[in-house]
Amino acid sequence: MDLTDSDITDPTDFPASLPSLVALDAALRCAVCKDFFKGPVLLTCGHTFCSFCIREALSEHKECPSCRKPVSDQSLHRNTTLEEVVLAFLRARPEILTAVKPPELKRKRARSDSSAVAGPSVHRQDEDVEEASDDEVVEYSPSEGERQRSISPRKSKESTPGSAAPTSFVSCPICIEYMPMIELNEHLDRNCAAPRKKFKADEGKLAWQSLLNGKGKAKEKPRLKNGTKKRSPSPPPTRMVKHNYHIMSEKDIRALLTDASLSTDGSKKAMVARHSHFVTLFNANLDTMRPKSRKELIKELEAWEAGKEMDDRQKKKRKEKVEDTKQYEAANQDQFKSMINSIKSRPKPSSSALTTTSAKFALTATDETKGFFDSSPAPSPPKNLKRDGENEVIVLCDSSDVEAL
Amino acid sequence: MAPILPSLLAASRNGKSSDHLRIRGATGSITCICRLSNELMTLMMSNSPGISAFPKSDSNLFDWVGTIEGAPGTVYENLSFKISIHFPSDYPYVAPVLRFESPCFHPNVDLHGNICLDILKDKWSAVYSVHTILLSLQSLLGEPNNDSPLNADAAELWGNEQEFKARLMSYYRPI
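On a predicted model such as this, the values are computed, not experimentally measured, just so you know.

Q: Looking at this structure, how should I read the packing of helix 2 (residues 51–58) of chain A against helix 11 (residues 268–286) of chain A?
A: The description of two helices packed together rests on the angle between their axes and the distance between the axes. All names here are of chain A. Running from amino to carboxyl end, helix 2 crosses helix 11 at an angle of 150 degrees, the nearest separation of the two axes being 8 Å. Looking at the two axes, helix 2 sits roughly antiparallel to helix 11. Handedness of the crossing formed by helix 2 with helix 11: right-handed. Along the contact surface, helix 2 presents Ser-51, Phe-52, Arg-55 and Glu-56, while helix 11 presents His-277, Thr-280, Leu-281, Asn-283 and Ala-284. Class assignment of the residues belonging to the contact of helix 2 with helix 11 gives a composition of three nonpolar, four polar and two charged.

Q: Can you walk me through the sheet that holds strand 4 (residues 97–100) of chain B in this structure?
A: By definition, the strands of a sheet pair up through backbone hydrogen bonds, in either a parallel or an antiparallel sense. All names here are of chain B. Taking strand neighbours across the sheet as the criterion, the four strands line up as 1-2-3-4 in an open arrangement whose pairing is antiparallel. Looking at which strands have only one partner, the edges of the open sheet turn out to be strand 1 (51–55) and strand 4. Strand-to-strand, the axes of this sheet are offset by a mean angle of 20 degrees, without reference to chain direction. Bridging between strand 2 (residues 63–69) and strand 3 (residues 80–86) involves seven bridges; their strand directions are antiparallel. Residue pairing across strands places Val-65 opposite Ser-84, the latter belonging to strand 3.

Q: Looking at this structure, I do not really get the state of the cysteines. What am I missing?
A: Joining two cysteines, a disulfide is a covalent bond between their sulfur atoms. Across all of its chains, the model carries zero disulfides over all chains by this definition. There is no disulfide at Cys53(A), and the cysteine sulfur nearest it, in Cys33(A), is 3.6 Å away.

Q: Even after reading the chapter, I still don't get the packing of aromatic side chains, so can you show me in this structure?
A: In this description, a pair of aromatic rings is defined by centroid distance and the angle of the planes. Residue and element names in this part refer to chain B. Evaluation of the coordinates by the stated rule reveals 15 aromatic pairs over all chains. Each ring, one from Phe-105 and one from Phe-164, has its centre 5.1 Å from the other, and the planes form 45 degrees; the classification is tilted. On the criterion of sequence distance, the pair formed by Phe-105 in the loop between strand 4 and helix 4 (130–142) and Phe-164 in helix 6 (residues 161–171) is long-range, its members being 59 residues apart. Taken individually, Phe-105 and Phe-164 each receive the classification buried, so the pair is uniform in this respect. Each ring, one from Trp-158 and one from Phe-164, has its centre 5.0 Å from the other, and the planes form 85 degrees; the classification is edge-to-face. We classify Trp-158 as partly exposed; its relative accessible area is 24%. Put simply, the rings of Tyr-76, Phe-81, Phe-100, Phe-105, Trp-158, Phe-164, Tyr-171 and Tyr-172 touch in pairs and so form one group of aromatic residues.

Q: Would you explain the sheet that holds strand 1 (residues 40–42) of chain A in this entry?
A: All names here are of chain A. Sheet architecture is open: three strands sit in the order 2-1-3, paired in antiparallel fashion. Either end of the sheet is taken by a strand with one partner, and the two such strands are strand 2 (48–50) and strand 3 (77–78). In this sheet, strand 2 lies alongside strand 1 in antiparallel orientation, the contact comprising three bridges. The partner of Pro-40 across the bridge, within strand 2, is Cys-50.

Q: Please explain the pattern of salt bridges as it appears in this structure.
A: Residues and elements named next belong to chain A. Throughout the structure, instances matching the rule amount to 15 salt bridges over all chains. For Arg-239, the salt bridge identified is with Asp-287, shortest N-O distance 2.7 Å. In this pair, Arg-239 sits in the loop between helix 9 (220–231) and helix 10 (250–259) while Asp-287 sits in the loop between helix 11 and helix 12 (294–319), placing the two residues 48 residues apart along the sequence. Of the residues examined, Asp-287 reaches a relative accessible area of 2% and is grouped as buried. Across the salt bridge formed by Lys-292 and Glu-300, the nearest N and O atoms sit 2.8 Å from each other. Judged by relative accessible area, which is 13%, Glu-300 ranks as buried.

Q: Looking at this structure, how should I read the pairing of strand 3 of chain B?
A: Remark: a regular strand shows side chains that alternate across the two faces of the sheet. Residues and elements named next belong to chain B. Within strand 3, six of the seven residues are buried, which leaves it mostly tucked inside the rest of the structure. Sheet analysis places strand 3 next to strand 4, joined by four bridges and oriented antiparallel. The residue of strand 4 that forms the bridge with Ser-84 is Arg-99.

Q: How should the UniProt feature "active site" (unreviewed entry) in chain B be read in this particular structure?
A: Residue and element names in this part refer to chain B. Per the UniProt annotation, the sites labelled "active site" (unreviewed entry) are Cys-116. By secondary structure assignment, the location of Cys-116 is in the loop between strand 4 and helix 4. Filtering out sequence-adjacent residues up to four positions away, Cys-116 remains in contact with Asn-108, Leu-140, Ser-148 and Leu-150.

Q: Is there a simple way to think about a positive patch on the surface in this case?
A: A cluster of basic residues, Lys269(A), Lys315(A), Arg318(A), Lys319(A), Lys56(B) and Lys82(B), forms a positive patch at the surface. Of the residues forming the positive patch, the biggest block, three residues, is contributed by helix 12 of chain A. Mapped onto the elements, Lys56(B) comes out in the loop between strand 1 and strand 2. Its relative accessible area of 48% is what places Lys56(B) among the partly exposed residues.

Parameters and conventions
- Residues numbered from 1 in each chain as written.
- Chains lettered and ligands numbered in written order.
- Predicted model: local features only at pLDDT ≥ 70, side-chain atom pairs only at ≥ 80, totals over all residues.
- Heavy atoms only, no water.
- Axes fitted to C-alpha atoms, helices over the stretch in contact; angles between N-to-C directions.
- Helix = DSSP H or I, 4+ residues; strand = E, 2+ residues; numbered from the N terminus.
- Parallel < 35°, antiparallel > 145°, perpendicular 65-115°, else oblique.
- Left-handed = near helix turned anticlockwise from the far one by under 90°.
- Contact = heavy atoms within 4.5 Å.
- Nonpolar A, V, L, I, M, F, W, Y, C, P; charged D, E, K, R; others polar.
- Pairing = 2+ DSSP bridges.
- Disulfide = S-S within 2.5 Å.
- Phe/Tyr/Trp six-rings, centres within 6.5 Å; stacked < 30°, edge-to-face > 60°.
- Buried < 20%, exposed > 50% of the residue type's maximum accessible area, 1.4 Å probe, protein only.
- Salt bridge = Lys/Arg side-chain N within 4 Å of Asp/Glu carboxyl O.
- UniProt positions renumbered as here; feature names shortened; annotations may be inferred.
- Patch = residues over 30% accessible without salt bridge, like charges linked within 9 Å, V, L, I, M, F, W, Y side chains within 5 Å.
- Areas by Shrake-Rupley, 256 points an atom, 1.4 Å probe, with all protein chains shown as cover.
- Lys, Arg positive; Asp, Glu negative; His and termini not counted.
- Charge placed at Lys NZ, Arg CZ, Asp CG, Glu CD.

Right under this line is the structure:
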């Protein structure tokens, strides 16, 4: 999942003094998710979006998000060239960032470079991005050229450390070596010695695996299996189709979900949403150069559902209305009384008219203004009564007017 | 409001402090979080006159507060309005929910602050952003759609600038 690479980038990472680089970065991003294109697809109108983004958008409206020309998800074409461009830029990006960094940071970096070893740890962040998608690939057979490219930049990075975001870097309190924050503890444990490269690389991979899969070692075997799969050209998996769910019975939908080995919990509506979202995820995944495993897709689906549930709960909360106002008033009488008393016991502000408004307002407080009272602080202490009192009156008038509206 | 910004900025910029994004991220969609933090950055870097928005709290990227100033030359000139923005978990595929928090006398804004704007309803497109929405709201202030009013009173008064301004000011409360 992308969240594990935690570093959210955006065009403003480049200094504003270099607008062309900012524009280049922005041009390689999808207009929907504002992230770099993942499995870009070309629409008939000429616009390009991430496969997932456009499929998701099409499930709401069957038109291009940019120009509103009608589009169907059958007419999407993979834009592999653009994908390669984006991958190449992603590899170059940290190096460009280092090259255009403000001079002081550069000087610091240079000193640490000459004084000690350039740890491979420094370029971990961007390597991780690739690693994350590398693992557990269902089928991915890189072309010869691609494979070469994916190796060479990494080697060259060894000589240009410090390609990651500058903010996460700290300098070691002992040897002043500059390194990512996460590396510092280990570095100190080694008595400021250089990290052992081979070991580190493995460790990094393992750490990522455990992050991605929830377990580290258990992954070793399946990975080997996938490794062999990579070489043998397997037929391209067929795309899943969205069905006309509303004419299907609950039983049919349950069967669909079981076929896709998905959970069959929840209402019909929830099941339909689950299946159609999985279809989107699955089809979008096929448009990428490095497809994720089914397991990862299911994880993403679960995360999506959890988010949706949370949303629904919040919506319900917001819609809660007080039906029986009398009963509500009786139940919350104590609160109303204390509010009225706290207002009554305040010294009179400049005009008496204001006090009457606020008192009247407190008396007529209904469910709509309840939120306001809940969030307002407890009655002000007598010390700064004058100021608080004034403020409160202003606020009260404000809300009472809203109500009068 | 000031202390929120640096930490959120830091969060979207560097990995280690994005933990609090992850709190919601564990349940929310990744696209949504990535997109929102990107929008926040662009919004803060671009300087559009009379428009601003940022998350209400440090821990929740899904509820924002925005302000809009009336465009010069309109009855709303020099007035500013507070707007709450709620992003559903399937944003940007689904439109965010916007509401005027400060009272606004306007033909397309009802008494509870609900807004009638086509791009927030059926004309929503995933490429719209907070920035574009706030811009269109700003222009809606000066050019209401009087054919489908939410506030019939305001729609009727619109032709009479003086009276409209008087009514507007009687409701208006500075932020």
